[in-house]
Amino acid sequence: MRRIFSGVQPSGNLHLGNYLGAIRNWARLQSDYDCVYCVVDLHAITMPQDPAELRANTREVAAGLIAAGIDPETNILFNQSQVAEHAQLAWIFNCVARLGWLNRMTQFKEKAGKHRENATVGLYAYPTLMAADILLYKATHVPVGEDQKQHLELARDIAQAFNSMFAIDLFPAPEPLIFGQAARVMSLRDGSRKMSKSEASDFSRINMTDDADAIAAKIRKARTDPEPLPGDEAGLDGRPEAANLIGIHAALADTTVAEVCARFAGQPFSTFKAALTELAVAELGPIGAEMKRLAGDPGHVDGLLHAGAARARALARPILDEVSKAVGFLMP
Ligand code: TRP
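Each chain carries its own residue numbering, running from 1 in the written order of its sequence. Since the coordinates come from a predicted model, pLDDT governs what is reported: local features require at least 70, and pairs of side-chain atoms require 80 or more to be given and counted, while whole-chain, interface and lining totals use all residues. To get the side-chain values, take all heavy atoms of the structure and skip hydrogens and water.

**A look at the packing of helix 1 (residues 16-29) against helix 12 (residues 269-295)**
Part 1: Between N-to-C directions, angles cover 0 to 180 degrees, with each direction set by a line fitted to C-alpha atoms, over the stretch in contact for helices. The helix and strand labels rest on DSSP assignments: H or I over at least four residues marks a helix, E over at least two residues marks a strand, and numbering proceeds from the N terminus. Two numbers describe how helix 1 lies on helix 12: the axes approach to 13 Å, and their chain directions differ by 90 degrees. Considering the angle they form, helix 1 stands roughly perpendicular to helix 12. Of the residues in helix 12, those touching helix 1 at L16, Y19 and R24 are E283, L284 and I287.
Part 2: Broken down by class, the residue content of the contact of helix 1 with helix 12 amounts to four nonpolar, no polar and two charged. Roughly parallel covers angles under 35 degrees, roughly antiparallel covers those over 145, roughly perpendicular covers 65 to 115, and oblique covers all other angles. Working rule for contacts: check all heavy atoms of both residues, and any pair within 4.5 Å makes them a contact. Polarity classes work like this: nonpolar for Ala, Val, Leu, Ile, Met, Phe, Trp, Tyr, Cys and Pro, charged for Asp, Glu, Lys and Arg, and polar for all others, with Gly in that last group.

**Some thoughts on empty space enclosed by the protein**
Part 1: Lining residues are defined by having an atom within 4 Å of a point belonging to a cavity or pocket. Those points lie on a 1 Å grid over the protein atoms alone, cavities being sets where a 1.4 Å probe fits but cannot get out and pockets being open sets with protein on both sides within 12 Å along at least five of seven lines. Grid points are joined across faces, edges and corners, and a volume is the space filled by probe spheres set on the points. On inspection of all chains with the given rule, the structure shows one cavity of 30 Å³ or more.
Part 2: Breaking the lining of the largest cavity down by element, the ones donating at least two residues are helix 6 (106-112) and helix 7 (121-135).
Part 3: Split by residue class, the lining of the largest cavity holds five nonpolar, two polar and one charged.

**As for the nonpolar core**
Part 1: In terms of nonpolar packing, the biggest core is built from 57 residues, with L16, Y19, L65 and F272 touching the most fellow members.
Part 2: Considering each element in turn, this core owes the most residues, nine residues, to helix 12.
Part 3: Start and end points for every domain follow an automatic or database-based domain assignment. No fewer than three residues from each of domain 1 (3-182 + 297-327) and domain 2 (202-293) sit in this core.
Part 4: Beyond its immediate chain neighbours, meaning those up to four positions away, F272 contacts L229, L245, I246, H249, V260 and F264.
Part 5: Judged by nonpolar contacts, the second largest core, of 46 residues, contains M130, I134, L170 and A309. Only buried Ala, Val, Leu, Ile, Met, Phe, Trp, Tyr and Cys residues count toward a nonpolar core, and they belong to the same one when joined by side-chain atoms within 4.5 Å. Each residue is placed in one exposure class: buried if its accessible area under a 1.4 Å probe, protein chains only, is under 20% of its type's maximum, exposed if it is over 50%, and partly exposed if it falls in between.

Pasting the structure below:
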């Protein structure tokens, strides 16, 4: 059996980077795998959160996934905190993983910054919770971005260490699914920075909820350089803004950067931007409209997440029981 698990943080303002980097891929995996998708609100609170915002963002991200085509009936879609087994297995993994392993995690160092003594224990243990997410379902494949590869590697180490500590062949080693072409979508204002919800200018990103007019305006204003478009990929060297826009075009059209260069060779940005706008509006327009519809019916989204959580728990419970037995917990 091939089972996918993946998690996404409930951060507001989903944008084209989230869509092309993760969400679209998740939707595409549904046909080939048994998929469990999770909005990771337990991970979110490793950094300070406003409670009302966390709740709203959890709904918004779930709505974004559904609007992008993830079917909550054929897959399992839920928010992490509704399945307490995640936290339970994470605790057991805290007693398997070693300080030395966690000390090497680069995300902790980045997020904790200079004041490491002040970081929460939760932030430090973030990777053991992520390992629990995946292994609670004995997932075999995990779609992740480049930045999460180290955490997935740790999940594999924890699976192996658990099996060997308790002399049992319980957990499979989950494999990463890294997407080719994985458009690293950069800011529309600065081609050297990742597109981000935290950049001050809204013109730096295309949000999944932007309508056609907003998308058109943002692409029109996107930073470029004075040269016409190059005929091949090598011509993008030293031209980060051109490379970004062409990369977005290639990803949206499901083609290669080389092909897009060949098609627009020597043309001005105005021509190219018109084509890019058409593509972006065609793909994101309907998704944004559906997100807005779902935002108007939060009870519906909540209901879907609640039902998804029940189905997730039904998969997780017997696996956690197997783990508890292996560990030696007294059980009914
Ligand atoms: N850490 C991941 C991120 O920030 C989110 C995540 C949590 C995750 N649990 C997961 C991803 C399990 C894959 C599998 O992107």
